[in-house]
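The primary structure of each chain is shown beneath.
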Amino acid sequence: MPENTPTDAVIVAAARTPIGTAYKGALRHTTAMELAHLIVDEARKRSGLPPEQIDDIILAESNYGGGDLARHAAITAGMTQVPGQAVNRHCAGSLTAIGNAAAAVISGAERVVIAGGVQSSSTAPEQRFRTPGSLDEYTERWMSPSHPDTADAPNMDMSITVGWNTAVESGITREEMDIWALRSHQRALAAIDSGLFADEIVPVSALGPDGSRVAFTTDEHPRRGSTAEKLASLKVLHPEIDGFSVTAGNSSGINDAAAAVVVARREIAESEGLEILGTVRSWAASAVEPARTGLAVLEVIPKVLERAGITVADVARWEINEAFASVPIAACTKLGIDEDLVNTSGSGCSLGHPVAASGARMIVTMIHELRRRGGGYGVAAMCAGGGQAGAVVIDVPITQ
């Protein structure tokens, strides 16, 4: 087991916004820049550090048309002396941002870095197209392709590339995916109703239907009326494909949110008297063929565990993103992970999947959950566009 050292990268603050349902939810008029400003400012304040002690900001962004939200947030949060770095590893972007922050801190290049991710699907740019041979134009949401388009791995249809291909290769049935999705909703709603997310969430002053500002404080994507019967009645997304089993019910949502942590060198945290929420023990990325994207987590989890010097049996809590329910089911089945320890407060199928923010959201939730349960190791892992995956191991101090 790894031991603490003065050069460790430790997390001294962790926060997220509530997750909104894209296009029709509470954050549909809130831009990525506003979300970035809010979460960077809140994370810094929760750390107790003054602005002048922040060395850098690293934020993931995906399908937003490019830019540098981190630098934009630094300026609007009054930290004009702090540079900003944009990271894009699609779904795993904010896990990569946290890993990059840890690397910078451990190496001594930086002392304190804010890292996370921001997703505003609702306000993402649109592309304008013209039909060949016609003057008619149409628009669609901006989405940068993660890999070359092929029949077995369409780059604009993850229900096939990730959800279906994972289910087929792993022998996962629709019933298994629906059961997982239903439990995800039940767990998310139980966490919301019992107030488990209260400490990790920073409210957003969102623009309401009448133009007034309203406080958005609660994840809105989980469906309270979800039942096994309703999930079973949903139409599959591709009825033309024989046996296709992926539905909107056992897939993640399209969402808006932001999440961030403050990563500091242990000796700095201790000298400043900061509360250490957890230590970043390892991080990793991996890749497989695009058609096997959902199975990339099977490569990255053993890799990140080995780097941390631990095994599956040492992990107290897992966050394995439910881009599609087939992904965590495959990971549990193939790697011997106890599903009762996975996504204990819901995940993509219920809370939603704000792409660039999901990894940091998982880390924030996992840290708070482990602190409530007396500490231990937590692993956050997820597949990402183009056959990629990312993972991070967090060691939360034992308190019991």
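Residues numbered from 1 in each chain as written. Predicted model: local features only at pLDDT ≥ 70, side-chain atom pairs only at ≥ 80, totals over all residues. Heavy atoms only, no water.

Caption draft 1: How the structure looks around the overall build of the protein. If you tally the helices and strands in the protein, you get 10 helices and 14 strands. Radius of gyration (C-alpha) of the protein: 20 Å, near the 21 Å computed for a compact globule of 400 residues. Counting only C-alpha atoms, the protein reaches 60 × 50 × 40 Å along its principal axes. Residue pairs in contact within the protein that sit at least 24 positions apart in sequence constitute 77% of those at least 6 positions apart. Carbon and sulfur atoms form 52% of the exposed surface of the protein, whose accessible area is close to 15500 Å². With 32 positive and 47 negative side-chain charges, the protein shows a separation of 3 Å between the mean positions of the two kinds. (Helix = DSSP H or I, 4+ residues; strand = E, 2+ residues; numbered from the N terminus. Rg over C-alpha atoms; globule rule 2.2 N^0.38 Å. Contact = heavy atoms within 4.5 Å. Areas by Shrake-Rupley, 256 points an atom, 1.4 Å probe, with all protein chains shown as cover. Lys, Arg positive; Asp, Glu negative; His and termini not counted. Charge placed at Lys NZ, Arg CZ, Asp CG, Glu CD.)

Caption draft 2: Local environment of the packing of helix 1 (residues 32-47) against helix 2 (residues 69-76). Axis separation between helix 1 and helix 2 bottoms out at 8 Å; the angle between their running directions is 60°. Comparing their axes, helix 2 and helix 1 come out oblique. Pair helix 1 / helix 2 crosses with right-handed handedness. Contacts between helix 1 and helix 2 pair Ala-32, Met-33, Ala-36, His-37 and Val-40 from the former with Leu-69, His-72, Ala-73 and Thr-76 from the latter. Classifying every residue of the contact of helix 1 with helix 2 by side-chain character gives 6 nonpolar, 3 polar and no charged. (Axes fitted to C-alpha atoms, helices over the stretch in contact; angles between N-to-C directions. Parallel < 35°, antiparallel > 145°, perpendicular 65-115°, else oblique. Left-handed = near helix turned anticlockwise from the far one by under 90°. Nonpolar A, V, L, I, M, F, W, Y, C, P; charged D, E, K, R; others polar.)

Caption draft 3: Here's a closer look at the pairing of strand 5 (residues 112-120). The buried count for strand 5 comes to 9 of 9 residues, which makes it a mostly enclosed element. On strand 5, burial covers both faces: Val-112, Ile-114, Gly-116, Val-118 and Ser-120 on one face and Val-113, Ala-115, Gly-117 and Gln-119 on the other are all buried. Bridge count between strand 3 (residues 56-60) and strand 5: 5 bridges; the pairing is parallel. Bridged to Ile-58 within strand 5 is Ala-115. (Buried < 20%, exposed > 50% of the residue type's maximum accessible area, 1.4 Å probe, protein only. Pairing = 2+ DSSP bridges.)

Caption draft 4: Geometry of the environment of Glu-369. Relative to the assigned elements, Glu-369 resides in helix 10 (residues 355-372). A relative accessible area of 6% means that Glu-369 is categorised as buried. Setting aside residues no more than four positions away along its own chain, Glu-369 makes contact with Arg-317, Thr-344 and Ser-345.

Caption draft 5: Broad picture of the side chain of Asp-8. One can find Asp-8 in the segment before strand 1 (9-16). Residue Asp-8 is classed as buried on the basis of its relative accessible area, which comes to 10%. A polar atom in the side chain of Asp-8 sits 2.8 Å from the backbone nitrogen of Thr-5. With residues up to four places along the chain from it excluded, the contact list for Asp-8 reads Glu-3, Val-105, Ile-106, Ala-264, Arg-265, Arg-266, Thr-279 and Arg-281. (Polar contact = N/O pair within 3.5 Å; in protein donor to acceptor, adjacent residues only side chain to side chain.)

Caption draft 6: Representation of the pattern of salt bridges. What the rule picks out here adds up to 21 salt bridges. Here Asp-8 ties to Arg-281 by a salt bridge, and the two come within 3.7 Å at their closest N and O atoms. Here Asp-8, found in the segment before strand 1, pairs with Arg-281, found in strand 11 (residues 278-287); they are 273 residues apart in sequence, far enough to count as distant. Arg-281 matches Asp-8 in its accessibility class, with the two residues each being buried. Measuring nitrogen to oxygen at the nearest pair gives 3.1 Å for the salt bridge that ties Lys-45 to Asp-41. (Salt bridge = Lys/Arg side-chain N within 4 Å of Asp/Glu carboxyl O.)

Caption draft 7: Geometry of the layout of surface pockets. Its volume calculated, the largest pocket comes out at about 860 Å³. When contributions to the lining of the largest pocket are tallied by element, the ones reaching two or more residues are helix 4 (158-170) and strand 13 (376-384). Here the lining of the largest pocket takes 3 residues from helix 4, the largest share from any one element. Residue classes in the lining of the largest pocket are distributed as 17 nonpolar, 16 polar and 2 charged. (1 Å grid on protein atoms, 1.4 Å probe; cavity = no way out; pocket = protein on both sides within 12 Å on 5 of 7 lines; lining within 4 Å. Points joined across faces, edges and corners; volume = space filled by probe spheres on them.)

Caption draft 8: Quick look at the nonpolar core. By size, the foremost hydrophobic cluster in this structure holds 45 residues, and its most contacted members are Val-297, Ile-301 and Trp-318. Of all the secondary structure elements, the ones that give two or more residues to this core are helix 4, helix 5 (174-193), helix 8 (297-308), strand 12 (315-320), helix 9 (326-335), strand 13 and strand 14 (388-396). No other element matches helix 8, which puts 7 residues into this core. Membership of the second largest hydrophobic core comes to 40 residues, among which are Ala-13, Tyr-64, Val-118 and Ala-264. (Core = buried A, V, L, I, M, F, W, Y, C linked by side-chain atoms within 4.5 Å.)

Caption draft 9: The packing of aromatic side chains, seen in detail. Under the criterion given, the structure shown has 1 aromatic pair. Aromatic side chains Trp-164 and Phe-244 sit 5.0 Å apart centroid to centroid with 40° between the ring planes, which places their arrangement in the tilted category. Note that Trp-164 is positioned in helix 4 and Phe-244 in the loop between helix 6 (228-233) and strand 10 (255-265), a separation of 80 residues in sequence. Judged by relative accessible area, Trp-164 falls into the buried class, the value being 16%. Judged by its relative accessible area of 6%, Phe-244 falls in the buried class. Above the ring of Phe-197, the side-chain terminus of Arg-16 is found at 4.7 Å from the ring centroid. It is Arg-183 that lies over the ring of Trp-180; its NZ or CZ is 4.7 Å from the centre. (Phe/Tyr/Trp six-rings, centres within 6.5 Å; stacked < 30°, edge-to-face > 60°. Lys NZ or Arg CZ within 6 Å of the ring centre and 35° of its normal.)

Caption draft 10: Quick look at the side chain of His-185. Within the secondary structure, His-185 sits in helix 5. Contacts of His-185, omitting those with residues within four sequence positions, involve Pro-222, Arg-223, Ser-226, Cys-349 and Ser-350.

Caption draft 11: Seen up close, helix 8. The terminal C-alpha atoms of helix 8, which comprises 12 residues, lie 16 Å apart, in line with the 16 Å expected from a rise of 1.5 Å per residue. Residues of helix 8 that are buried include every one of Val-297, Leu-298, Val-300, Ile-301, Val-304, Leu-305 and Ala-308, and no others. The buried residues of helix 8 occupy an angular sector of 165° when projected down its axis, which confines them to one face. Those residues of helix 8 that are buried are in contact with strand 11, strand 12, helix 9, strand 13 and strand 14. Looking one or two residues past helix 8, Gly-309 carries a phi angle of roughly 75°, positive in sign. (Expected span 1.5 Å × (residues − 1). Arc of directions from axis to C-beta.)

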